[in-house]
Amino acid sequence: DAGITQSPRHKVTETGTPVTLRCHQTENHRYMYWYRQDPGHGLRLIHYSYGVKDTDKGEVSDGYSVSRSKTEDFLLTLESATSSQTSVYFCAISDYLDNQPQHFGDGTRLSIL
Amino acid sequence: TQLLEQSPQFLSIQEGENLTVYCNSSSVFSSLQWYRQEPGEGPVLLVTVVTGGEVKKLKRLTFQFGDARKDSSLHITAAQPGDTGLYLCAGPGSQGNLIFGKGTKLSVKP
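Read on for an overview of the structure. No experiment lies behind these values; they were computed from the predicted model shown. (Residues numbered from 1 in each chain as written. Chains lettered and ligands numbered in written order. Predicted model: local features only at pLDDT ≥ 70, side-chain atom pairs only at ≥ 80, totals over all residues. Heavy atoms only, no water.)

### A few points about the layout of surface pockets
If you roll a probe as big as a water molecule over the atoms, it shows you where there is empty space left. There is about 720 Å³ of room inside the largest pocket. Around the largest pocket, the lining comprises 32 residues; the ones closest to its centre are Gln 37 and Pro 39 of chain A together with Gln 37, Leu 86 and Lys 105 of chain B. Among the secondary structure elements, those contributing two or more residues to the lining of the largest pocket are strand S4 (31-38), strand S9 (87-94) and strand S11 (108-112) of chain A together with strand S9 (85-92) and strand S11 (104-109) of chain B. For the lining of the largest pocket, the leading source of residues is S11 of chain A, giving four residues. A class-by-class count of the residues in the lining of the largest pocket yields eight nonpolar, 16 polar and eight charged. The calculated volume of the second largest pocket comes to roughly 470 Å³. Breaking the lining of the second largest pocket down by element, the ones donating at least two residues are strand S5 (42-51) of chain A together with strand S1 (5-7) and strand S10 (98-100) of chain B. (1 Å grid on protein atoms, 1.4 Å probe; cavity = no way out; pocket = protein on both sides within 12 Å on 5 of 7 lines; lining within 4 Å. Points joined across faces, edges and corners; volume = space filled by probe spheres on them. Helix = DSSP H or I, 4+ residues; strand = E, 2+ residues; numbered from the N terminus. Nonpolar A, V, L, I, M, F, W, Y, C, P; charged D, E, K, R; others polar.)

Rendered as structure tokens:
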């Protein structure tokens, strides 16, 4: 299995608080992605990174920011959490951009009350 | 907009039965991938199909990519309880991401 660790695995917080989720990989893959998974919507891309300090927006990026200061770490920040951001968040990595499978972490279940 | 529609949304069968799930789009995809996701875990890649008309077999699972590369199917022969899970199809999007269907939730009862 690809070495991807997401932390925390579960978090409950209140509306308006900042939240940071961490994804750590040991595979030295160039590309890293953050998705959210919601019933009725499937997996949707939030942000992705194609190298250290190189990031771009995905389909549902509003309210989220990311940072990648090292190859192995990709952080997702909710600046001021809202209840609509309650979801399961998945980090994924891949070697190449096109047509390549992605390896997923086990997710972070985030509840915003 | 590229969309992948999966059907059926839910499927509950008895052990030993055969089943087919579908992944359809109005767009052409250069490849499609199938993942299985179990509760509390991330999706795990099962197979990638890249050529129109391609058929790939993985033990009791048979994957087919449509000739026009707009659809794919997954057939499971003699389903077992261990096959229970959420089956997702995915194709490459314009941003290097994967576009996912909403999945088929399969339950195989002993």
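### Thoughts on the sheet that holds strand S3 (residues 19-24) of chain B
Note on sheets: strands pair through backbone hydrogen bonds, and any given pair is parallel or antiparallel. Residue and element names in this part refer to chain B. Within the open sheet, the five strands sit side by side as S1-S3-S8-S7-S6. Their pairing is antiparallel. The outermost strands of the open sheet, each flanked by one partner alone, are S1 and strand S6 (55-58). Between one strand and the next, the sheet's axes are offset by a mean angle of 15 degrees, whatever the strand orientation. Judged from the four bridges that link them, S6 and strand S7 (residues 61-65) form a sheet pairing that is antiparallel. (Pairing = 2+ DSSP bridges. Axes fitted to C-alpha atoms, helices over the stretch in contact; angles between N-to-C directions.)

### Here we look at the packing of aromatic side chains
By the definition in use, this model includes 11 aromatic pairs over all chains. Ring plane angle 75 degrees and centroid distance 5.9 Å describe the contact between Phe 104 of chain A and Phe 100 of chain B, whose orientation is recorded as edge-to-face. Remark: Phe 100 of chain B occurs in strand S10 and Phe 104 of chain A occurs in strand S10 (residues 103-104); the pair is interchain, linking two chains. (Phe/Tyr/Trp six-rings, centres within 6.5 Å; stacked < 30°, edge-to-face > 60°.)

### Topic: the interface of chain B and chain A
With 20 residues of chain B at the contact, the number on the chain A side is 22 residues. At the boundary of chain B with chain A, total buried surface from both sides reaches about 1600 Å², with 51% on carbon and sulfur atoms. The interface formed by chain B and chain A includes zero salt bridges. Applying the counting rule to chain B against chain A returns six residue pairs in polar contact (both at pLDDT 80 or more). Listing elements by their share of the side of chain B that touches chain A, those giving two or more residues are strand S4 (32-37), S9 and S10 of chain B. Residues that form the side of chain B that touches chain A fall into these classes: eight nonpolar, 10 polar and two charged. (Contact = heavy atoms within 4.5 Å. Buried area = accessible area lost by both parts, 1.4 Å probe. Salt bridge = Lys/Arg side-chain N within 4 Å of Asp/Glu carboxyl O. Polar contact = N/O pair within 3.5 Å; in protein donor to acceptor, adjacent residues only side chain to side chain.)

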